Amino acid sequence: MKVLIVDDDPAMTDLIKLLLAPAQYEVLTTNNGQDGINLAKKFDPDIVLLDLMMPGMTGSQVCQKIRAFSSVPIIMMSALDNPSLVVDALDAGADDYLIKPVPNRVLTAQLEKLARRRRVEATTIAASAGSAS
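None of the values given here were measured: they were computed from a predicted structure.

Undergrad: Describe the overall build of the chain, naming the residues involved and giving the relevant values.
TA: Helix and strand content of the chain: 5 helices and 5 strands. Of the regular secondary structure in the chain, the N- to C-terminal order runs β-α-β-α-β-α-β-α-β-α. Scaling as 2.2 N^0.38, a compact globule of 133 residues should have a C-alpha radius of gyration of about 14 Å, and the chain matches this with 15 Å. On the principal axes, the C-alpha backbone points of the chain span a range of 50 × 30 × 30 Å. Buried positions account for 41% of the 133 residues belonging to the chain. Across the chain, every contact between residues at least 6 apart in sequence was considered, and the portion connecting residues at least 24 apart equals 60%. If you sum the accessible surface of the chain, you get close to 7100 Å²; carbon and sulfur atoms cover 56% of it.

Undergrad: Before we move on, could you go through the pattern of salt bridges and cite the residues and values that matter?
TA: The full count for this structure, using the stated rule, is 5 salt bridges. Measuring nitrogen to oxygen at the nearest pair gives 3.0 Å for the salt bridge that ties K100 to D51. With K100 in the loop between β5 (96–99) and α5 (104–132) and D51 in strand β3 (residues 47–51), the pair connects residues that are 49 residues apart, well separated along the chain. Its relative accessible area of 5% is what places D51 among the buried residues. Because the salt bridges share partners, they merge into one network encompassing D7, D51 and K100.

Rules of the game
Residues numbered from 1 in each chain as written. Predicted model: local features only at pLDDT ≥ 70, side-chain atom pairs only at ≥ 80, totals over all residues. Heavy atoms only, no water. Helix = DSSP H or I, 4+ residues; strand = E, 2+ residues; numbered from the N terminus. Rg over C-alpha atoms; globule rule 2.2 N^0.38 Å. Buried < 20%, exposed > 50% of the residue type's maximum accessible area, 1.4 Å probe, protein only. Contact = heavy atoms within 4.5 Å. Areas by Shrake-Rupley, 256 points an atom, 1.4 Å probe, with all protein chains shown as cover. Salt bridge = Lys/Arg side-chain N within 4 Å of Asp/Glu carboxyl O.

Rendered as structure tokens:
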């Protein structure tokens, strides 16, 4: 599974990449919102982990731009536990919102949940296309 991590803190992207290594994820990282959008277009990740608070372009803005061309599951992450920020992130198109620091097992469980959902959706679409022929 390909996971794109977008976080302005290089230590955070390195840490998450290290935490996901045992699960055999292919991890792409960037520390810039615009680069995250470009990587999402180029590499078509299975899931995006996206920091909310970034300079230049917020996670919500990045999320909206990715949503313009992709239905990839997006998990927004932030150290801020504020209900209005959660609502804003979900309204921008995020599938979930996690509070940092996220325990490793919680993060991997969320990734697996979204990956399962994406596989079911892909199977349903393929079955519908097959029956329409």
